[in-house]
Amino acid sequence: MKIQQLAIFLQNKPGHLSGICKTLADNDINIVTLSLADTQQFGILRVIVKEWELAAQKLEEAGYLVQLREVVAVEVDDEPGGMHKIVEIIGAANVNIEYVYAFTFHKSSRAVLVFRFDDPDKAADALREANINVLAEIELFG
Amino acid sequence: MNKKPLIENVFWQREEECMPKDQLRALQLQKLRALVARVYASVPAYTRAFDVAGVKPENIKSLDDIRKLPFTTKSDLRENYPLGYLAIPRREVVRFHGSSGSTGKPTFVAYSKSDMDNWANLCARFLYSGGLRPGMTAQVSFGYGLFTGGFGLHQGIERIGAAVLPASSGNTARQLMLLQDLRADYLICTPSYALHLADGIQSGIIDRSSLNLKGMFLGSEPWTENMRTRMEEGLGIYIENNYGLSEIMGPGVSGECAFRNGMHIAEDHFIVECINPETLEPVAEGETGELVFTTLNKEAFPLIRYRTRDISRLKYSHCPCGRTSVRMSRITGRTDDMLIIRGVNVYPSQIESALLAIPEASPHYMIEVSRPKHMDEVTVHIELKPNSMVDSISELNVIRDRICAGIANITGLRMKIHLEPPNTLERFEGKSRRVKDVRTLKD
């Protein structure tokens, strides 16, 4: 199961992030999780929202550079070794991780890892074969 | 006007440099008439241009008649790329040089054996006047290549009989090492590098006594009298200003005398005019205008009324040094959008043509020029196209590096590249004003 993530190009300027958040807020869109990657000169804001189509449309209308990317969300035990178990499977399947970020989530002792793989389908298959819960949108957004 | 010489007042070619004015004008007219006849017969671009202007060589009867002749511009050189203005058989060319054109291709110039000889003497004139003597060492920190700066100064130093240290440009730490270890008497560089060096000494990073420096010859970039005062006081040296451009010859077109009352133009080799760039009429004596040169002696690549786009003033008054030639003031600006970055000519259109080759880059850009720590720095802000992929820092860095390499290929300069989201840069109506030059020339 793949999830749509929004990647938004960020200028390294005061107020730029705030404008993005305001666009989402004005459209009543809740951020499930986010990750911010930055370089000296620009940044990339990656967000997961339930209403991704609307969010992408509204952000683009507001002039932001938005790209939709498929990511894989995986449920993991929120305990030592939880992440290791997952990346070991990925490594064994010979899939490359472009980036990953994590968040804990209302489902008690479970955490969610969001992966961008060079081969998302192969990674998702390997994870499912190992009985790892790859989350569908419905589970993630409740 | 300075009434006393600041250094010894000497001449490299006294007879030519101090020729009585009436004799000089007679020589110019004689050479101009011969030149016009020659280019009309041997350079098809001039045959056409003279015909269009309705002027024949025999119409040039006085020096004022030069105004009947058509101008030559950088775009004329470009339209006749690469060697449309060559006036001698190709086999007689002994040297090529070039300067950056506004489209990505350089404009070439060529020299015959006699041209090279004249060029060496013209460089020797200002070097000798500025204090360089046989037995001394001069470090040349201009680039050696198509640019006329490096090789031009090189042969002038050799002509004087001094030693050349051809350091070429770049690597400031290595420049300093050479300066210290080989104890050069003179440094030839851009004003920005000179300031950088002066700051190093003033801040105690460089020990003044480790240098044997007596003077500098600065050119190829705009600079100010205040900068000179600061460096001369800080370094305890003499600094001379000179001017040249590749289309006319390269360095040596003009240079200062010991009285430092402007740069003496080698009028035995060039006719200079100062025009209003809008009306193309001559400005009144002493007023600001665009310099226009006609080369009188060049065999390989003579140019008629070449519009330099450089803004200056001409002074015809008597100079106590004894030279009879007209003097030009420092270049105070340009009539086009050319930028001079670390001595290199850059046109915004070159950056534009580099961007066209990058699919992710939009044609919207902004050039910011600054001078932190006295070294020119260029940042190019470029909008990404609306559908660009933005989820990967490494991919964005690849785009950035490709733009940087593309610009460096065309301009020869590495610039900082800032990627920007679409529709964030200012849009312009009509002629773009995409350059923000915040370099301060005040100190």
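Reading the values: rules and limits
Residues numbered from 1 in each chain as written. Chains lettered and ligands numbered in written order. Predicted model: local features only at pLDDT ≥ 70, side-chain atom pairs only at ≥ 80, totals over all residues. Helix = DSSP H or I, 4+ residues; strand = E, 2+ residues; numbered from the N terminus. Rg over C-alpha atoms; globule rule 2.2 N^0.38 Å. Contact = placed C-beta atoms within 7 Å. Domains from an automatic or database assignment. Nonpolar A, V, L, I, M, F, W, Y, C, P; charged D, E, K, R; others polar. Buried ≥ 20, exposed ≤ 12 C-beta atoms within 10 Å, placed from the backbone. Arc of directions from axis to C-beta. Pairing = 2+ DSSP bridges. Right-handed = clockwise from strand over helix to strand, strands pointing away. Expected span 1.5 Å × (residues − 1).

## Some details on the overall build of chain B
A tally of regular secondary structure across chain B gives 11 helices and 20 strands. The C-alpha radius of gyration of chain B comes to 23 Å, within 12% of the 22 Å expected for a compact globule of 443 residues. In chain B, once contacts between residues fewer than 6 apart in sequence are set aside, the share between residues at least 24 apart is 69%.

## Observations regarding the domain arrangement of chain A
Residues and elements named next belong to chain A. Entries for chain A in the domain assignment read domain 1 (3-69) and domain 2 (72-141). Facing 7 residues of domain 1, the contacting portion of domain 2 comprises 8 residues. Of all the elements, strand S2 (residues 31-38) adds the most residues to the side of domain 1 that touches domain 2, at 3 residues. Of the residues in the side of domain 1 that touches domain 2, the class split is 3 nonpolar, 2 polar and 2 charged.

## Structural notes on helix H9 (residues 225-235) of chain B
All names here are of chain B. Those residues of H9 not exposed but buried are Met227, Arg228, Met231 and Leu235. Take H9 and look down its axis: the buried residues cluster within an arc of 100°, on one side only. Turned more than 90 degrees off the buried face of H9, the exposed positions are Glu225, Asn226, Thr229 and Glu233. Looking at the buried positions of H9, the neighbouring elements they touch are helix H8 (191-202) and strand S7 (238-245). Gly236, located one to two residues past H9, shows a positive phi value of around 65°.

## Quick word on the interface of chain A and chain B
How large an interface is tends to be reported as the accessible area lost when its parts come together. Across the contact, 14 residues belong to chain A and 16 residues belong to chain B. Listing elements by their share of the side of chain A that touches chain B, those giving two or more residues are strand S1 (3-11), strand S3 (42-49) and strand S4 (66-77) of chain A. With 3 residues, the top contributor of residues to the side of chain A that touches chain B is S1(A).

## Regarding the pairing of strand S3 (residues 137-140) of chain B
Residue and element names in this part refer to chain B. Alignment of S3 against strand S4 (residues 163-165), held across 3 bridges, turns out to be parallel. If you follow Ala138 over to S4, its bridge partner there is Val164. This β-α-β element, S3 to helix H6 (residues 148-160) to S4, shows right-handed connectivity. Pairing analysis gives 3 bridges linking S3 to strand S5 (residues 186-189), with the strands arranged parallel. Residue pairing across strands places Val140 opposite Ile188, the latter belonging to S5.

## Digging into H6(B)
Residues and elements named next belong to chain B. For H6, built from 13 residues, the straight-helix expectation of 18 Å at 1.5 Å per residue is met to within 8% by its first-to-last C-alpha distance of 18 Å. By the criterion of burial, H6 is predominantly enclosed, with 11 of the 13 residues buried. Here H6 has its buried residues at Thr148, Gly149, Gly150, Phe151, Gly152, Leu153, His154, Gln155, Gly156, Ile157 and Ile160. One or two positions beyond H6, positive phi appears at Gly161, with a value near 100°.

## Overview of the environment of B:Pro320
Residue and element names in this part refer to chain B. Along the chain, Pro320 falls in the loop between strand S12 (306-315) and strand S13 (327-328). Of the residues examined, Pro320 has 15 C-beta atoms within 10 Å and is grouped as partly exposed. Through-space distance from the C-alpha of Pro320 to that of Glu290 is 26 Å; in sequence the pair is 30 residues apart. With residues up to four places along the chain from it excluded, the contact list for Pro320 reads Lys3 and Phe259.

## Considerations on the environment of B:Ser329
All names here are of chain B. For Ser329, the location among the structural elements is in the loop between S13 and strand S14 (333-334). Between the alpha carbons of Ser329 and Thr288 there is a distance of 9.3 Å; along the sequence they are 41 residues apart. Apart from the residues lying within four places of it in its own chain, the contact partners of Ser329 are Gly262, Ser312 and Arg313.

## Observations regarding the domain arrangement of chain B
Residues and elements named next belong to chain B. Structurally, chain B comprises domain 1 (14-336) and domain 2 (344-437). Relative to domain 2, the C-alpha centre of domain 1 lies at a distance of 31 Å. Between domain 1 and domain 2, the contact holds 9 residues from the first and 14 residues from the second. Per element, the largest residue contribution to the side of domain 1 that touches domain 2 is 4 residues, and it comes from H8.

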